[in-house]
Amino acid sequence: MSKVNSLTSGIAAPLDAARSSSDRRHINRLGLLVGLGGITMLFAAFTSAYIVRSGGGDWTALELPPVLWMSTALIVVSSLTLEMARRAFRDRNLASFRSWSAATAALGTGFLVSQYAAWLSLNEAGVYLQSHPKSSFFFVLTGVHAAHLLAGVVALLALFGLAAAGRLVPGRSDAPTLTAIYWHFVGGLWIYLLAVLSLLG
Amino acid sequence: MEHGKQSFVSRYIFSFDHKMIGKQYFTLAMTMGFIGGILAVLIRLQLGFPSKPWPFLENLFPVGMASGIMTPEFYVSLFTMHGTIMVFFLLSLLPVSGFGNFLIPLQIGARDMAFPFLNMLSFWTVVPGAIIIIISFFVEGGAAASGWTAYPPLSAIRSAIPGSDLGQTLWLVGMIFFVASFTMGGLNFVVTILNLRTRGLRMMRMPLTTWAQFVVGILGLLSFPALAAGALLLTFDRSLGTSFFLPAGIFIGDTLMPHEGGTPLLWQHLFWFLGHPEVYIIMLPAMGFTSDILATFCRRPIFGYRSMVYAIGAIGTLSFLVWGHHMFVSGMSPFLGSLFVVTTLAIAIPSAVKAFNWLFTIARARIQFTSASLFGLGVVSLFVTGGLTGIFLGTNAVDIQLHDTYFVVGHFHFIMAGAGLFGAFGAVYYWYPKMFGRMLSERLGKIHFWITFVAYYAVFFPMHYLGVSGMMRRIYDPNVYEYLQPLQPVNLFITIAAFVLFAGQLIFIYNYFASMARGKPATENPWNAAGLEWSTPPHPGHGNWEGEIPDAHRWPYDYSEPGKKRDFTPQWEA
């Protein structure tokens with residue numbers, strides 16, 4: 001049955017031969033966007049809980065640790081390096097692509113370390129998860145965000161590994177763009193969370 | 001198809017085939033539904049014969065039924081888990097995950113779902129969730145006991161009641177698995193329906209079942225994350241000493257809890273932001289099945305197709321704006337309450353559109369009374385009954401009187417549980433030939449319908465009277481109140497009817513499994529239905545169509561066109 005391809009591979013959408021690879025690209029991107037919609041709702045729910053809870057009488061201001069600015073700088077730069085990686089991929093320069101995606105993964109890891117440093121510095125100042133509502137939200141929001149960013153780092157490492165194994169074909173493979181969409185989203189999510197944490201309550 | 005030789009594991013366990021995954025969901029949901037039904041029988045046992053000893057039950061639940069008498073703690077766990085299992089693991093898994101996966105690719109002309117691997121993963125994510133939920137009955141302290149809504153502080157303080165401890169933790173873990181699985185499934189639904197429709201199948205030519213699943217996918221994706229957020233915050237409150245939901249001044253026994261400043265209402269908002277759309281996640285597929293079934297067996301085009309689609313969309317949209325009607329007695333501002341009354345009553349408009357369209361489809365049709373169409377008509381009946389009581393409860397002035405009484409129990413067992421369940425039954429009778437290549441026994445099906453229909457009304461209709469008379473929703477023994485004692489005969493009647501209802505389902509289970517082996521072999525299109533799914537072979541393989549996927553030349557409701565020789569024109573014929 002030559003009309004049916006990739007039914008057995010299963011990961012990607014099974015399409016008839018009449019469908020083009022741009023269809024498949026469209027499907028994968030749409031799937032990612034819909035998934036990001038779900039993540040958006042998760043953080044929207046956290047935000048509304050944050051706003052409701054900040055109306056409580058025991059709400060206490062929290063001095064955000066300055067190391068968060070380093071986190072922010074790292075994540076912004078990492079989005080730029082990932083765009084460099086994508087450009088290299090488009091130009092079929094796989095060596096350069098590997099370097100840029102490795103650099104992005106390193107910056108992402110740096111972000112996670114920097115976030116952890118922020119937790120430690122709060123702990124040193126005697127602020128813990130259960131200290132007061134704002135600190136609770138701080139640890140929960142940064143923690144859940146870090147878990148999502150960690151997934152992005154794993155995706156970047158997988159990308160690097162696929163490129164090293166010669167499994168990524170410029171002009172055909174859409175994985176770099178999918179990873180980039182997710183990465184920019186999670187980066188943007190951090191900027192949003194920082195704005196919530198510093199401007200609201 | 002080049003993958004005829006598959007191992008047992010890749011074919012029946014870690015299958016990528018949407019039809020096999022759909023059937024796996026079926027098996028899981030029916031197992032869970034059976035357990036949920038047993039819990040209901042135990043609940044009715046206590047209410048029909050308060051505190052009577054049943055020594056044989058001690059063997060199964062040595063703590064909860066010590067010396068055969070049900071403890072109040074066990075009773076509370078029973079209705080909590082009955083609600084949880086039925087709402088999530090039966091009524092969401094069967095119509096949505098089961099039928100959605102099975103039917104969407106068949107109805108839109110696709111080889112499989114958009115992301116088959118994710119599909120397999122989503123099934124194997126919900127299985128551990130279901131196992132954890134069941135196991136929680138047998139741990140120290142018993143299963144969760146804070147209601148299916150898990151309101152704090154009962155759900156948030158581990159020492160509050162026995163079920164608040166390990167049982168509640170397992171409840172939360174199980175629900176997180178469920179949410180993860182369900183959102184993966186919703187993602188797959190939306191992308192598949194938007195992208196994999198066969199040539200000619202415009203959105204406005206899709207069967208209403210697929211339309212319903214499409215909106216359900218969106219609802220699940222947008223609403224379940226709110227429950228995930230709430231469950232995470234609740235876990236922190238329970239285990240790590242935060243105070244998201246817990247106010248100051250809670251005593252457990254003589255111990256003052258260290259929490260302060262939190263608000264239990266926050267949980268209610270997060271929960272019902274999911275909880276209300278969840279009701280429509282259950283209802284919309286049943287509405288879709290009913291539309292498809294009634295059109296086929298009335299040999300009529302569904303009346304007002306376009307308005308049906310808009311109604312599904314309107315119900316989906318409004319379902320996000322009404323969660324406050326579950327909280328009228330929580331002390332919310334009456335002004336805010338009035339807004340929720342308006343949005344709630346607004347849902348009556350698209351709901352009435354659907355009910356009237358079904359009635360116009362039925363009206364003066366020569367209905368073929370099959371098991372499927374009987375259950376379809378049952379949906380219309382239950383939906384109207386439950387919808388009318390919904391108007392009472394949606395009005396805050398009335399709801400404040402009826403809140404947390406058996407009136408509410410009666411109401412939601414009609415509209416959500418009953419209509420959802422009848423829709424699913426109708427769908428099984430209708431699509432079984434495509435699932436197993438054989439027909440279900442129509443004779444057993446009709447007996448099943450009449451027992452279920454009559455017993456269902458007998459169980460749940462009198463509950464409205466109990467509620468108006470003041471019987472509380474979660475009461476363990478109504479006889480402790482003198483004014484409820486005269487109602488005991490009604491409770492006994494309901495209990496007997498509930499046993500009949502449960503026994504009737506055994507007929508269905510027998511029919512379902514026996515027909516797999518011994519049913520009459522099905523033809524390609526046993527009902528002479530017009531939908532695209534009936535163009536597949538009686539037992540479609542992986543890939544669904546052996547040759548090319550047929551094009552869709554029309555909508556799936558071309559029945560009894562004047563001047564045509566046949567009384568239907570299949571969707572795949574030009």
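How each quantity is defined
Residues numbered from 1 in each chain as written. Chains lettered and ligands numbered in written order. Predicted model: local features only at pLDDT ≥ 70, side-chain atom pairs only at ≥ 80, totals over all residues. Heavy atoms only, no water. Core = buried A, V, L, I, M, F, W, Y, C linked by side-chain atoms within 4.5 Å. Buried < 20%, exposed > 50% of the residue type's maximum accessible area, 1.4 Å probe, protein only. Helix = DSSP H or I, 4+ residues; strand = E, 2+ residues; numbered from the N terminus. Contact = heavy atoms within 4.5 Å. Expected span 1.5 Å × (residues − 1). Salt bridge = Lys/Arg side-chain N within 4 Å of Asp/Glu carboxyl O. Patch = residues over 30% accessible without salt bridge, like charges linked within 9 Å, V, L, I, M, F, W, Y side chains within 5 Å. Areas by Shrake-Rupley, 256 points an atom, 1.4 Å probe, with all protein chains shown as cover. Phe/Tyr/Trp six-rings, centres within 6.5 Å; stacked < 30°, edge-to-face > 60°. Lys NZ or Arg CZ within 6 Å of the ring centre and 35° of its normal. Axes fitted to C-alpha atoms, helices over the stretch in contact; angles between N-to-C directions. Parallel < 35°, antiparallel > 145°, perpendicular 65-115°, else oblique. Left-handed = near helix turned anticlockwise from the far one by under 90°. Nonpolar A, V, L, I, M, F, W, Y, C, P; charged D, E, K, R; others polar. Domains from an automatic or database assignment. Buried area = accessible area lost by both parts, 1.4 Å probe. Polar contact = N/O pair within 3.5 Å; in protein donor to acceptor, adjacent residues only side chain to side chain.

Participant: Mind showing me how you'd approach the nonpolar core here?
Facilitator: One recurring pattern in soluble globular proteins: nonpolar side chains tend to sit buried together. All names here are of chain B. In this structure, Phe-89 and Leu-284 are the most contacted members of the largest nonpolar core, which totals 240 residues. Among the elements that take part in this core, helix α8 (residues 264-298) stands out by supplying 19 residues, more than any other. Among residues more than four places away in sequence, those in contact with Phe-89 are Ala-29, Met-32, Thr-84, Val-126, Gly-129, Ala-130, Ile-133, Met-175 and Phe-178.

Participant: Any chance you could explain helix α9 (residues 305-318) of chain B here in plain terms?
Facilitator: Counting along an α-helix, one turn takes 3.6 residues, and residues three or four places apart therefore face a common direction. If you check α9(B), its first and last C-alpha atoms are 20 Å apart, about what 14 residues at 1.5 Å a residue would give, namely 20 Å. Considered for burial, the residues of α9(B) that qualify are Tyr305(B), Met308(B), Val309(B), Ala311(B), Ile312(B), Ile315(B), Gly316(B) and Leu318(B).

Participant: How should the side chain of His18(B) be read in this particular structure?
Facilitator: Structurally, the position occupied by His18(B) is in helix α2 (residues 18-48). Apart from residues lying up to four places away in sequence, His18(B) is in contact with Asn101(B), Phe102(B), Pro105(B), Leu106(B), Arg111(B), Asp112(B), Met113(B), Asn119(B) and Asn544(B).

Participant: Where do I start with the pattern of salt bridges in this structure?
Facilitator: Taken as a whole, this structure holds 13 salt bridges over all chains when the rule is applied. The closest approach of N and O atoms between Arg53(A) and Asp58(A), which form a salt bridge, is 3.1 Å. Residue Arg53(A) is classed as buried on the basis of its relative accessible area of 1%. Here Arg199(B) makes a salt bridge to Asp551(B), at a shortest N to O gap of 3.7 Å. Here Arg199(B), found in the loop between α6 (166-195) and α7 (208-239), pairs with Asp551(B), found in the segment after α15 (488-518); they are 352 residues apart in sequence, far enough to count as distant. For Arg199(B), a relative accessible area of 60% translates into the label exposed. Taken together, the shared-partner salt bridges connect Arg25(A), Arg29(A) and Asp174(A) into one network.

Participant: I would appreciate a short explanation of a nonpolar patch on the surface in the present structure.
Facilitator: Residue and element names in this part refer to chain B. The grouping of Leu-345, Val-384, Leu-388, Ile-391, Phe-392 and Val-398 at the surface amounts to a nonpolar patch, some 470 Å² of accessible area in total. In terms of residue count, helix α11 (residues 371-394) provides more of the nonpolar patch than any other element does, 4 residues in total. Checked against the element boundaries, Leu-388 lands in helix α11.

Participant: Mind showing me how you'd approach the packing of aromatic side chains here?
Facilitator: How two aromatic rings sit relative to each other is given by the distance of their centres and the angle of their planes. Residue and element names in this part refer to chain B. Scanning the model with the defined rule gives 76 aromatic pairs over all chains in all. Aromatic pair Tyr-75 and Tyr-476: ring centres 5.8 Å apart, planes at 65°, arrangement edge-to-face. Pair noted here: Tyr-75 is in helix α3 (residues 72-90) and Tyr-476 is in the loop between α14 (442-468) and α15, with a separation of 401 residues, a long-range link. Overall, Tyr-75 belongs to the buried group, its relative accessible area being 1%. Positioned above the aromatic ring of Trp-54 is the side chain of Lys-52, whose terminal nitrogen or guanidinium carbon lies 4.9 Å from the ring centre.

Participant: For this particular structure, what's the right way to read the environment of Phe449(B)?
Facilitator: Residue and element names in this part refer to chain B. Residue position: Phe-449 is located in helix α14. Taking C-alpha positions, Phe-449 is 28 Å from Arg-473, a pair spaced 24 residues apart along the chain. Excluding residues within four positions of it along the chain, Phe-449 makes contact with Leu-374, Phe-375, Gly-378 and Phe-422.

Participant: It is not clear to me how unusual backbone geometry should be interpreted in this structure. Could you clarify?
Facilitator: Generally, phi is negative for residues other than glycine and the peptide bonds are trans, each holding for most cases. Residue and element names in this part refer to chain B. The omega angle of the peptide bond from Pro-152 to Pro-153 is 5°, so this bond is cis rather than trans. Summarising the element assignment, Pro-153 is placed in the loop between α5 (116-135) and α6. At Asn-528, a residue that is not glycine, the phi angle is positive and equals roughly 50°. Exposure remark for Asn-528: the relative accessible area of 39% places this residue in the partly exposed category.

Participant: For this particular structure, what's the right way to read the packing of α8(B) against α11(B)?
Facilitator: Residue and element names in this part refer to chain B. Following both chains from N to C, one finds α8 and α11 inclined at 130°, their axes separated by 9 Å at the closest point. Looking at the two axes, α8 sits oblique to α11. Between α8 and α11 the crossing geometry is left-handed. In contact with Met-283, Met-287, Thr-290, Ile-293, Leu-294 and Phe-297 of α8, α11 contributes Ala-372, Ser-373, Gly-376, Leu-377, Val-379, Val-380 and Phe-383. Among the residues forming the contact of α8 with α11, the class breakdown is 10 nonpolar, 3 polar and no charged.

Participant: It is not clear to me how the domain arrangement of chain B should be interpreted in this structure. Could you clarify?
Facilitator: The extent of an interface is frequently quoted as the accessible surface area lost upon association of the parts. Residue and element names in this part refer to chain B. For chain B, the domain assignment lists domain 1 (21-249 + 258-262), domain 2 (279-522) and domain 3 (524-574). Computed over C-alpha atoms, the centres of domain 1 and domain 3 are 36 Å apart. Both sides of the domain 1 and domain 3 interface together cover about 1,500 Å² of buried area, and 48% of this is carbon and sulfur. Counting the surface domain 1 buries against domain 3, the share from its top three residues, Leu-106, Arg-111 and Arg-205, is 46%. Run the count over domain 1 and domain 3 and you get 1 salt bridge. Taken together, domain 1 and domain 3 are joined by 14 residue pairs in polar contact (both at pLDDT 80 or more). The greatest single-element share of the side of domain 1 that touches domain 3, amounting to 4 residues, is contributed by helix α4 (residues 93-108). Classifying every residue of the side of domain 1 that touches domain 3 gives 8 nonpolar, 4 polar and 5 charged.

Participant: It is not clear to me how the environment of Ala143(B) should be interpreted in this structure. Could you clarify?
Facilitator: All names here are of chain B. Inspection of the secondary structure puts Ala-143 in the loop between α5 and α6. Given the relative accessible area of 1%, Ala-143 is considered buried. Once the C-alpha coordinates of Ala-143 and Tyr-481 are considered, the two residues, 338 residues apart in sequence, prove to be 27 Å apart. Excluding residues within four positions of it along the chain, Ala-143 makes contact with Ser-77, Met-81, Ser-136, Phe-137, Gly-163 and Gly-167.

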